[in-house]
Structures are given as C-alpha cells and as structure tokens.
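Structure assessment
Listed below are the residues making up each chain.
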Amino acid sequence: MKATSGLLVLIDRLGKVFAPVKHDMQGNIDKIKKHYRCEEDACLLQLMLEEVQKGKPIAAEGVLWLNRALLFFELTFQEMLLCLKAKQYDVNMKNIFTAAYKGSVKQYHNWITQQLFHGFKASEAAGEKLVEYIKCVQDTLNYYIFWINHGPFSVM
C-alpha cells in the first residue's frame with residue numbers, strides 16, 4: 001500500500017487530466033485500509049479470501065480495481081522505457097496510453113468509461129511527445145525510481 005501511495009505523487013504530477021484516476025485509486029486505498037487490519041504481517045490475499053467468504057467483498061473489489069490501475073501504469077512505464085531505449089523520443093504519449101489502456105483496464109470498463117478515456121486521449125497531456133512529457137515530470141520520476149529501488153515495500 002505504501003508503494004501505491006507513492007505512485008499517487010507521480011500521478012498528481014501528470015496533470016489534472018489524471019485527477020479522476022488518482023481519486024479512484026485513493027478511494028480504493030482508503031477502502032482497503034478501512035476494511036482490512038493494517039498489520040505488517042497481514043497477507044492481502046488471505047484477507048480478501050476471508051472477506052469473500054463472508055459474502056461482502058467490499059475491500060476485495062477495491063484491491064481488484066487498484067491492481068488494474070497499477071497494471072495500467074506499469075504498462076505505461078514499460079512502454080516509455082522501451083521507447084527511450086530505442087531512442088524514439090518523438091513518440092506521442094497518446095499511443096503509449098492507448099497501449100497501456102488496452103492491456104489493462106479497457107476490458108473491464110463499460111462503454112461510457114471507454115468514451116471518457118477517448119476524451120482523455122484528446123487532451124493536451126496525451127498529445128505530448130515522450131521527450132516533452134519526461135521533461136515535465138523528470139524530478140518526480142527520479143523520486144519514484146529512487147523510492148522503488150530503496151523504499152520499503154509492504155502490504156499495508
């Protein structure tokens with residue numbers, strides 16, 4: 001959960017267009033923390049299974065959607081790194097976001113939500129070139145990369 005909360009800092013730097021995503025992820029984090037005991041040795045999967053057996057998987061659903069959002073950002077960052085390694089600095093972020101969306105959450109979104117994503121792709125942030133985008137969030141990316149390599153990772 002700490003790693004996910006750290007990612008929210010980066011998402012915030014990506015611009016206002018990501019505000020609904022950040023809000024949704026924060027809501028899922030809050031739901032998980034509210035319904036599950038936040039002990040260092042807690043196993044998230046075990047907590048989910050116990051909740052599902054009780055018949056009200058409120059936090060388990062939050063974990064599911066949070067995991068899908070994390071996959072979106074993982075695929076986004078992977079594609080960005082591939083483009084950087086290939087020295088494809090003029091790649092449009094719209095293409096990167098679209099690939100990540102198709103590979104993560106699109107199959108779970110209804111038609112209306114998919115249309116909202118298409119509206120996002122039309123935004124200025126989605127239209128930036130990769131190199132411009134990296135410059136905009138470089139300090140936050142450096143912080144996040146450092147945090148990934150040196151920060152504490154725990155379930156709660």
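Quantities reported herein were computed from a predicted structural model and do not represent experimental measurements.

1. What about a nonpolar patch on the surface?
Taken together, the side chains of Trp111, Ile112 and Leu116 make up a nonpolar region of the molecular surface, amounting to roughly 400 Å² of accessible area. Mapped onto the secondary structure, isoleucine 112 falls in helix 6 (residues 111-121). Looking at isoleucine 112, the relative accessible area reads 56%, which means it is exposed.

2. Comments concerning the side chain of arginine 68
If you trace the backbone, arginine 68 turns up in helix 4 (residues 58-85). Despite its burial, arginine 68 pairs with no opposite charge, the nearest such side chain being glutamate 61 at 8.0 Å. Excluding its chain neighbours within four sequence positions, the residues that come into contact with arginine 68 are Ser104, Val105 and Tyr108.

3. Structural notes on the nonpolar core
By size, the foremost hydrophobic cluster in this structure holds 33 residues, and its most contacted members are Phe18, Met25, Tyr36 and Phe73. Among the elements of the structure, helix 1 (2-13), helix 2 (19-35), helix 3 (44-54), helix 4, helix 5 (93-103) and helix 6 are those that each provide at least two residues to this core. Residue contributions to this core peak at ten residues, all from helix 4. Residue contacts for phenylalanine 73: discarding those within four places in its chain leaves Leu7, Ile11, Leu14, Phe18, Val21 and Met25.

4. Describing the packing of helix 1 against helix 2
At a minimum axis separation of 10 Å, helix 1 and helix 2 run at an interaxial angle of 165 degrees. What the angle tells us is that helix 1 and helix 2 run roughly antiparallel. Crossing hand, helix 1 versus helix 2: left-handed. Seen from helix 1, the contacting residues are Thr4, Ser5, Leu7, Leu8, Ile11 and Asp12; seen from helix 2, they are Lys22, Met25, Gln26, Ile29 and Lys33. Class assignment for the residues of the contact of helix 1 with helix 2 results in five nonpolar, three polar and three charged.

Conventions we followed
Residues numbered from 1 in each chain as written. Predicted model: local features only at pLDDT ≥ 70, side-chain atom pairs only at ≥ 80, totals over all residues. Heavy atoms only, no water. Patch = residues over 30% accessible without salt bridge, like charges linked within 9 Å, V, L, I, M, F, W, Y side chains within 5 Å. Areas by Shrake-Rupley, 256 points an atom, 1.4 Å probe, with all protein chains shown as cover. Salt bridge = Lys/Arg side-chain N within 4 Å of Asp/Glu carboxyl O. Helix = DSSP H or I, 4+ residues; strand = E, 2+ residues; numbered from the N terminus. Buried < 20%, exposed > 50% of the residue type's maximum accessible area, 1.4 Å probe, protein only. Lys, Arg positive; Asp, Glu negative; His and termini not counted. Contact = heavy atoms within 4.5 Å. Core = buried A, V, L, I, M, F, W, Y, C linked by side-chain atoms within 4.5 Å. Axes fitted to C-alpha atoms, helices over the stretch in contact; angles between N-to-C directions. Parallel < 35°, antiparallel > 145°, perpendicular 65-115°, else oblique. Left-handed = near helix turned anticlockwise from the far one by under 90°. Nonpolar A, V, L, I, M, F, W, Y, C, P; charged D, E, K, R; others polar.

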